[in-house]
Amino acid sequence: MSALMQTYARLPVNFTHGEGATLWDEQGRRYIDALSGIAVCSLGHAHPNVTRAITDQAGKLLHTSNLYGIESQEQLGQTLCELSGLDTAFFCNSGAEANEAAIKIARRHGHAKGLASPKIVVFDGAFHGRTLATLTATANPKAKEGFGPLVEGFIRVPYGDAQAVAELAEQHSDIAAVFVEPVQGEGGVRVPPKGYLSDLRKLCNQHDWLLMLDEIQTGIGRTGEWFAFQHEDIAPDVMSLAKALGNGVPVGACLAGSKAAQLLQAGSHGTTFGGNPLACRAALAVIESIQEDQLLGKVQQQSQYMLQHFQHALEQQSGVVDIRACGLMIGIELAHPCAELVAQALHEHQLLINVTAGNTIRLLPPFVMTQEQIDFTVDAVISLTQQFLKAAA
Ligand SMILES: Cc1ncc(COP(=O)(O)O)c(C=O)c1O
């Protein structure tokens, strides 16, 4: 019996090393990774710039604590603020922690407005993490089973419908913030209607609510912009990041704009490891590499290419409900639960993919796939889907 808590239903393969979009297992078999460790390794595996930055830093200094200055943390904060147009950053170690910081900022904003019990608007289909507050903000009831009592102060409405949020203003006078994923990842690669974030921005301005974006999955280039909100001409008040920020080195960040930038002060929030020199050097190397190799444009081109091929091959196929993409977040929604496709892709094609929300094949390829790897992935996914639908018919 494994000494690990059984929190994951793992597939029976152990990877030993990787390079770009390629992984090798213990038997020396080669795989193509179209999942990037769930939107983490956007630069692929063993990226030389990231490896160089962390080995250099590991030989110098790993940790001193946030009781002292950390130059690379200052630099990373500055860089993320320049890229996003926001003003301040708090660094932590994961997505859930970045969202915890956002939730605490919303509470502070509410109390500053004189609300005794401030509420945060969250959405059907949302995923924000596994800590108690982020689990409460998450929609999936199964993920919450057996963990009550959860945290107070959240109101849930349908995703993608700004009118549903507008109507809340008439019913609730104690809302402090709207907390939303620009594209829902775990919720099934749900891309909201164009203008949705702008509509939410207007509502937040109108009612003095913070617009807080969970860009943990969408951020750092995944959608073809640095941040998904940059597809619309708006800025959030708060934004959380993690996943791809360190390309596999754990690092999260909560950024805030002017209205929210000073709500957390010394003594009101913190974390021992947050923003340590190793994590910050990794994140700086990630950002530089995306810039140097002009990967944002590449994400958009690859997205178009893959989407067109999937649409051409699968759109008319009965059993395919919808094909969605925003940059390199790609979802193929089927009419049937299809979780078994993950193992099939692994064993039959040596390809790493994912199924989310029960019936949506999800691809989160690294930005550095070769054309050959992209074509392999597209052909394998089309073949798996057609075979699955034939069997299900
Ligand atoms: C949108 C979003 N928010 C938050 C999280 C939680 O991040 P972490 O697993 O690093 O705590 C995830 C993870 O999948 C996510 O996709």
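All values derive from a computational prediction rather than experimental measurement.

1. Section: the pairing of strand E5 (residues 119-123)
For E5, the buried fraction is high: five of the five residues fall into the buried class. The side-chain alternation of E5 yields two buried faces, one formed by Lys119, Val121 and Phe123 and the other by Ile120 and Val122. With four bridges connecting them, E5 and strand E6 (residues 154-157) associate as parallel partners. What sits directly across from Val121, in E6, is Ile155.

2. A look at helix H4 (residues 95-112)
The end-to-end C-alpha distance of H4, which contains 18 residues, comes to 26 Å, matching closely the 26 Å that a straight helix rising 1.5 Å per residue would cover. For H4, the set of buried residues is Gly95, Ala96, Ala98, Asn99, Ala101, Ala102, Ile103, Ile105, Ala106, His109 and Gly110. The N-cap of H4, judged by a side-chain oxygen 3.3 Å from the amide nitrogen of Glu97 a few residues on, is Ser94. In the stretch just after H4, Gly114 is the one whose phi turns positive, near 90 degrees.

3. Overview of the site of the ligand
Around the ligand there are 13 residues in total, and Gly95, Ala96, Asp214, Gln217 and Lys243 lie nearest to it. Within the backbone of Gly95, a nitrogen or oxygen atom sits 2.8 Å from an oxygen atom of the ligand. Contact between the ligand and Asp214: a nitrogen atom at 2.7 Å from a side-chain N or O atom of the residue. Within the complex, 80% of the 390 Å² of free accessible area of the ligand lies under protein. Tallied by class, the residues present in the shell around the ligand amount to three nonpolar, six polar and four charged.

4. Digging into the side chain of Asp237
Looking at the element boundaries, Asp237 is found in the loop between strand E8 (210-214) and strand E9 (238-241). A distance of 2.9 Å separates a polar atom in the side chain of Asp237 from a polar atom in the side chain of Arg201. A polar atom in the side chain of Asp237 sits 2.8 Å from the backbone nitrogen of Leu211. Beyond its immediate stretch of four places on either side in the chain, Asp237 contacts Arg201, Trp209, Leu210, Leu211, Leu255, Ala256, Gly257, Lys259 and Ala260.

5. Let's talk about the packing of helix H2 (residues 48-58) against helix H9 (residues 277-292)
Where H2 meets H9, the axes come as close as 8 Å, and the angle between the chain directions of the two elements is 155 degrees. Taken together, the axis directions place H2 and H9 in an arrangement best described as roughly antiparallel. Taken as a pair, H2 and H9 cross one another with a handedness that is right-handed. Each of Asn49, Val50, Ala53, Ile54, Asp56, Gln57 and Ala58 in H2 lies in contact with H9, whose residues at this interface are Pro277, Leu278, Arg281, Ala282, Ala285, Val286, Ser289 and Glu292. For the contact of H2 with H9, the per-class residue count stands at nine nonpolar, three polar and three charged.

6. A closer look at the packing of helix H11 (residues 341-349) against helix H12 (residues 371-392)
Packing of H11 against H12 leaves a shortest axis separation of 11 Å and a crossing angle of 125 degrees. On the basis of the axis angle, H11 is oblique to H12. Handedness of the H11/H12 crossing: right-handed. Only Phe376, Ala380, Ser383, Leu384, Gln387 and Phe388 of H12 make contact with H11, whose side of the interface consists of Leu341, Gln344, Ala345, Glu348 and His349. The residue makeup of the contact of H11 with H12, split by class, is six nonpolar, four polar and one charged.

Rules used throughout
- Residues numbered from 1 in each chain as written.
- Predicted model: local features only at pLDDT ≥ 70, side-chain atom pairs only at ≥ 80, totals over all residues.
- Heavy atoms only, no water.
- Buried < 20%, exposed > 50% of the residue type's maximum accessible area, 1.4 Å probe, protein only.
- Helix = DSSP H or I, 4+ residues; strand = E, 2+ residues; numbered from the N terminus.
- Pairing = 2+ DSSP bridges.
- Expected span 1.5 Å × (residues − 1).
- Polar contact = N/O pair within 3.5 Å; in protein donor to acceptor, adjacent residues only side chain to side chain.
- Near = heavy atom within 4 Å.
- Areas by Shrake-Rupley, 256 points an atom, 1.4 Å probe, with all protein chains shown as cover.
- Nonpolar A, V, L, I, M, F, W, Y, C, P; charged D, E, K, R; others polar.
- Contact = heavy atoms within 4.5 Å.
- Axes fitted to C-alpha atoms, helices over the stretch in contact; angles between N-to-C directions.
- Parallel < 35°, antiparallel > 145°, perpendicular 65-115°, else oblique.
- Left-handed = near helix turned anticlockwise from the far one by under 90°.

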